[in-house]
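Analysis of the macromolecular model
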Amino acid sequence: ALTQGREAVRLAPDHPLALTYLGDALAAHGQRAEAVELYRRAVRLGPNAAAPHHRLGVVLAEEGHPDAIPLLTRAADLDPADPEFGTTLAAALYEADRGDEALARYRAVLARHPGYPPALNALGFVLQDRGDVAGATAAYEAAVRARPEHAEAHMNRGLLLTEAGDTPAAVAAFREALRHDPD
């Protein structure tokens, strides 16, 4: 991917998506600082391109940088049809202790993309953290119905069942998680 990314930028040095693609390849090879610079350049050159805003926002969110949420918001607003953008924004909001906004964003994603497993799983986590066991259970169950191989949703469901004292059901959920992701 690194070779293709460099070639894409050579052919289109000012194209935001080419820069984003190369940034992704660099990030995957541990060259984070270089990736961030390319993402920043892509955002400058493509103020209406969602992908560069999203990628830069993700990297900055991992660092707890205050620019992450505005970038992720811009990406989600530019391309509301991509559920990953709204889900990533909601996760960043939750990590920033903005739980009500995170819930609203997860629900907005699910209103537009019912059954989107990553949003359902994350919604379940937030609801569980807030003590809404019924809501969390429904979200996790919807996530595994939508994508039965979603190991993380099975794992989270197992943790919830453990907290509820339903050991046999929790063990079954953990087994499903391990069946789909043994690592």
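These figures come from a predicted structure and were not determined experimentally. (Residues numbered from 1 in each chain as written. Predicted model: local features only at pLDDT ≥ 70, side-chain atom pairs only at ≥ 80, totals over all residues. Heavy atoms only, no water.)

1. A few points about the pattern of salt bridges
Filter applied, for reference: Any carboxyl oxygen of Asp or Glu within 4 Å of a side-chain nitrogen of Lys or Arg constitutes a salt bridge here. Numbering of helices and strands runs from the N terminus, with a helix taken as a DSSP run of H or I at least four residues long and a strand as a DSSP run of E at least two residues long. Burial classification: accessible surface area is computed with a 1.4 Å probe over protein chains only, and a residue below 20% of its type maximum counts as buried, one above 50% as exposed, and the rest as partly exposed.
A complete count under the given rule lists ten salt bridges for this structure. Note that Asp24 and Arg55 form a salt bridge whose closest N and O atoms lie 3.1 Å from each other. Separated by 31 residues along the polypeptide, Asp24 in helix H2 (residues 16-28) and Arg55 in helix H4 (residues 50-62) bring together distant segments of the chain. Residue Asp24 is classed as partly exposed on the basis of its relative accessible area, which comes to 23%. The residue Arg157 makes a salt bridge to Glu141 at a minimum N-O spacing of 3.7 Å. With Arg157 in helix H10 (residues 151-163) and Glu141 in helix H9 (residues 133-146), this residue pair connects regions lying 16 residues apart in the sequence. By relative accessible area, Arg157 is classed as partly exposed at 23%. Note on Glu141: relative accessible area 28%, which makes it partly exposed.

2. Thoughts on helix H5 (residues 68-78)
Since the α-helix turns once every 3.6 residues, residues separated by three or four places project in the same direction. Note the threshold: Working definition: the arc comes from the directions between the helix axis and the C-beta atoms, pointing outward to the latter. The contact criterion used throughout is that any non-hydrogen atoms of two residues lie within 4.5 Å.
Buried within H5 are the following residues: Ala68, Ile69, Leu71, Leu72, Ala75 and Ala76. When H5 is viewed along its axis, its buried side chains cluster within an angular range of 160° and face the same direction. Elements in contact with the buried residues of H5: helix H3 (32-45), H4, helix H6 (83-95) and helix H7 (99-112).

3. A closer look at the packing of H4 against H5
Selection criterion: Think of each axis as a best-fit line through the C-alpha atoms, taken over the contacting stretch in the case of a helix, with angles from 0 to 180 degrees between the N-to-C directions. Relative orientations are named as follows: roughly parallel for angles under 35 degrees, roughly antiparallel for angles over 145 degrees, roughly perpendicular for angles from 65 to 115 degrees, and oblique for any other angle. In this scheme, a crossing is called left-handed if the near helix is turned counterclockwise away from the far one by less than a right angle; it is called right-handed if the turn is clockwise. Side-chain classes are defined by residue name, with Ala, Val, Leu, Ile, Met, Phe, Trp, Tyr, Cys and Pro counting as nonpolar, Asp, Glu, Lys and Arg as charged, and the others, Gly among them, as polar.
At a minimum axis distance of 8 Å, the contact between H4 and H5 shows a crossing angle of 150°. Between H4 and H5, the interaxial angle falls into the category roughly antiparallel. Between H4 and H5 lies a crossing whose hand is left-handed. On H5, the residues that touch Ala50, His53, His54, Leu56, Gly57, Val58, Leu60 and Ala61 of H4 are Ala68, Leu71, Leu72, Arg74, Ala75 and Leu78. Residues that form the contact of H4 with H5 fall into these classes: ten nonpolar, three polar and one charged.

4. Digging into the side chain of Gln128
Mapped onto the elements, Gln128 comes out in helix H8 (residues 117-129). Look at Gln128 and you get buried, because its relative accessible area is 14%. When residues no more than four places from it in sequence are discounted, the contact partners of Gln128 are Ala136, Tyr140, Asn156, Leu159, Leu160 and Glu163.

5. Things to note about the packing of aromatic side chains
How we decide: In this scheme Phe, Tyr and Trp rings, the latter by its six-membered ring, pair at centre separations within 6.5 Å, and the angle between planes marks the pair as stacked below 30 degrees, edge-to-face above 60, and tilted otherwise.
Scanning the model with the defined rule gives one aromatic pair in all. Between the aromatic rings of Tyr94 and Phe125, the centroid separation amounts to 6.2 Å while the plane-to-plane angle is 85°, which identifies the pairing as edge-to-face. Here Tyr94, found in helix H6, pairs with Phe125, found in helix H8; they are 31 residues apart in sequence, far enough to count as distant. With relative accessibility at 15%, the residue Tyr94 sits in the buried group. Residue class for Phe125 comes out partly exposed when judged on its relative accessible area of 41%.

6. With respect to the layout of surface pockets
The condition that has to hold: The definitions used throughout rest on a 1 Å grid laid over the protein atoms alone, on which a cavity is an enclosed set of points accommodating a 1.4 Å probe that cannot get out and a pocket is an open set flanked by protein within 12 Å on both sides along at least five of seven lines; lining residues are those having an atom within 4 Å of a point. Grid points are joined across faces, edges and corners, and a volume is the space filled by probe spheres set on the points.
The space that makes up the largest pocket amounts to roughly 480 Å³. Thr88, Ala91, Ala92, Glu95 and Tyr106 are, among the 24 residues lining the largest pocket, the residues nearest its centre. Only H4, H5, H6, H8 and H10 provide two or more residues apiece to the lining of the largest pocket. The element best represented in the lining of the largest pocket is H6, accounting for six residues. In terms of residue class, the lining of the largest pocket is made up of 14 nonpolar, seven polar and three charged.

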